[in-house]
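One-letter residues, chain by chain:
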Amino acid sequence: MRTAIVFCVLLLAGCGQDEFADLKTFMAQAGQGGQHALEPMPALKPTTEFSYDPADLPDPFKPRSMKAKSGSGGLQPDMSRPKEFLETFPLDALRMVGTLRKGGVLYALVKTPDNALYRVRVGNYLGQNFGRIVGVTETAIELKEMTQDGAGDWAESKASLALQE
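Cut-offs and rules
- Residues numbered from 1 in each chain as written.
- Predicted model: local features only at pLDDT ≥ 70, side-chain atom pairs only at ≥ 80, totals over all residues.
- Heavy atoms only, no water.
- Helix = DSSP H or I, 4+ residues; strand = E, 2+ residues; numbered from the N terminus.
- Buried < 20%, exposed > 50% of the residue type's maximum accessible area, 1.4 Å probe, protein only.
- Polar contact = N/O pair within 3.5 Å; in protein donor to acceptor, adjacent residues only side chain to side chain.
- Contact = heavy atoms within 4.5 Å.
- Pairing = 2+ DSSP bridges.
- Axes fitted to C-alpha atoms, helices over the stretch in contact; angles between N-to-C directions.
- Core = buried A, V, L, I, M, F, W, Y, C linked by side-chain atoms within 4.5 Å.
- Phe/Tyr/Trp six-rings, centres within 6.5 Å; stacked < 30°, edge-to-face > 60°.
- Lys NZ or Arg CZ within 6 Å of the ring centre and 35° of its normal.

J.: Explain the side chain of Arg 81 to me, please; I cannot follow it from the model alone.
T.: Position of Arg 81 among the secondary structure elements: in the loop between helix H2 (21-30) and strand E1 (95-102). Residue Arg 81 is classed as buried on the basis of its relative accessible area of 17%. Engagement of the side chain of Arg 81 in a polar contact is seen with the side chain of Glu 87, the distance being 2.9 Å. Dropping the residues within four chain positions of it, Arg 81 is found in contact with Glu 87, Tyr 125 and Phe 130.

J.: I tried to follow the sheet that holds strand E2 (residues 105-111) on my own but got confused; where do I start?
T.: What links the strands of a sheet is backbone hydrogen bonding, and the strands pair in either a parallel or an antiparallel sense. Pairing within the open sheet is antiparallel, and its 3 strands lie in the order E1-E2-E3. In the strand order of this sheet, the two ends are held by E1 and strand E3 (117-120), each with one partner. When the angles between neighbouring strand axes are averaged without regard to direction, this sheet yields 30°. Sheet topology places E2 next to E3; 4 bridges connect them, and they run antiparallel. Within E3, the residue paired with Lys 111 across the bridge is Leu 117.

J.: Would you explain the pairing of strand E5 (residues 131-136) in this entry?
T.: Pairing analysis gives 2 bridges linking strand E4 (residues 125-126) to E5, with the strands arranged antiparallel. Residue Tyr 125 lies in a different strand from E5, and its bridge partner there is Arg 132. Taken together, E4 and the strand that follows it, E5, pair antiparallel across an intervening segment of 4 residues, in which Gly 127 is found at a positive phi of about 80°. Where E5 meets strand E6 (residues 140-148), 4 bridges bridge the pair, whose relative direction is antiparallel.

J.: Would you take a moment to explain the nonpolar core for this structure?
T.: Among the nonpolar cores identified, the biggest contains 16 residues, and Leu 94, Val 120, Leu 126, Ile 133, Ile 141, Leu 143 and Leu 161 are the most heavily contacted of them. Counting only elements with at least two residues in this core, the list comes to E2, E5, E6 and strand E7 (154-162). Per-element accounting of this core gives the leading share, 3 residues, to E2. In this structure Leu 143 touches Leu 91, Leu 126, Gly 131, Arg 132, Ile 133, Val 134, Ser 157, Lys 158, Ala 159 and Ser 160, once residues within four positions along its chain are discounted.

J.: Sorry, what's going on with the sheet that holds E6 here?
T.: Read across the sheet, 4 strands follow the order E4-E5-E6-E7 without closing on themselves; strand pairing throughout is antiparallel. The open sheet has two free edges, formed respectively by E4 and E7, since each of these has just one partner strand. Of the pairings in the sheet, the one linking E6 to E7 comprises 9 bridges and is antiparallel in character. Bridging across to E7, Ile 141 finds its partner in Leu 161.

J.: Honestly, the packing of aromatic side chains in this entry has me stumped. Any pointers?
T.: For the coordinates displayed, the defined rule picks out 3 aromatic pairs. When the ring of Phe 130 is compared with that of Trp 154, the centres are 5.7 Å apart and the planes differ by 80°; the resulting orientation is edge-to-face. Of this pair, Phe 130 sits in the loop between E4 and E5 while Trp 154 sits in strand E7, and the two are 24 residues apart along the sequence. Trp 154 matches Phe 130 in its accessibility class, with the two residues each being buried. An aromatic cluster of at least three residues, connected via ring pairs, comprises Phe 85, Phe 89 and Tyr 118. Above the ring of Tyr 125, the side-chain terminus of Arg 81 is found at 3.5 Å from the ring centroid. In this arrangement the basic side chain of Arg 119 is found over the ring face of Tyr 107, its NZ or CZ atom lying 4.5 Å from the centre.

Laid out in structure tokens, this is it:
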């Protein structure tokens, strides 16, 4: 029995020691000398003030008119011409899928997004930018498009629709 009491005393003496003493010592030393001075925030630069005066500017929330400016005798599309069916689609939605020669005239075969197939040739119109076909080859359809800039002036640009297999 005496050995049991001695064993219990030694066991209790072992529990009395702080088992996290090394951790407490590390934490006490870790906080010393570890703080660095923060750099001050950069000074804010004053911004320039912008005043919006809509007196002479078009309303940005209304669609712009596709009519040429009055008095501009320059380049402009024929607005009185009836639109062809393929002008209802944007040019990037149409696909050239082949060619067909009939009576010495080379036609291009164009597929619409709804998978309908149409035959076009030089002089027909494609796309929503008044694109007139000026050339058809075995590999592409060449177009001249008319676009209007923010000032109302018309500009002509070249576009093409390449053969896609």
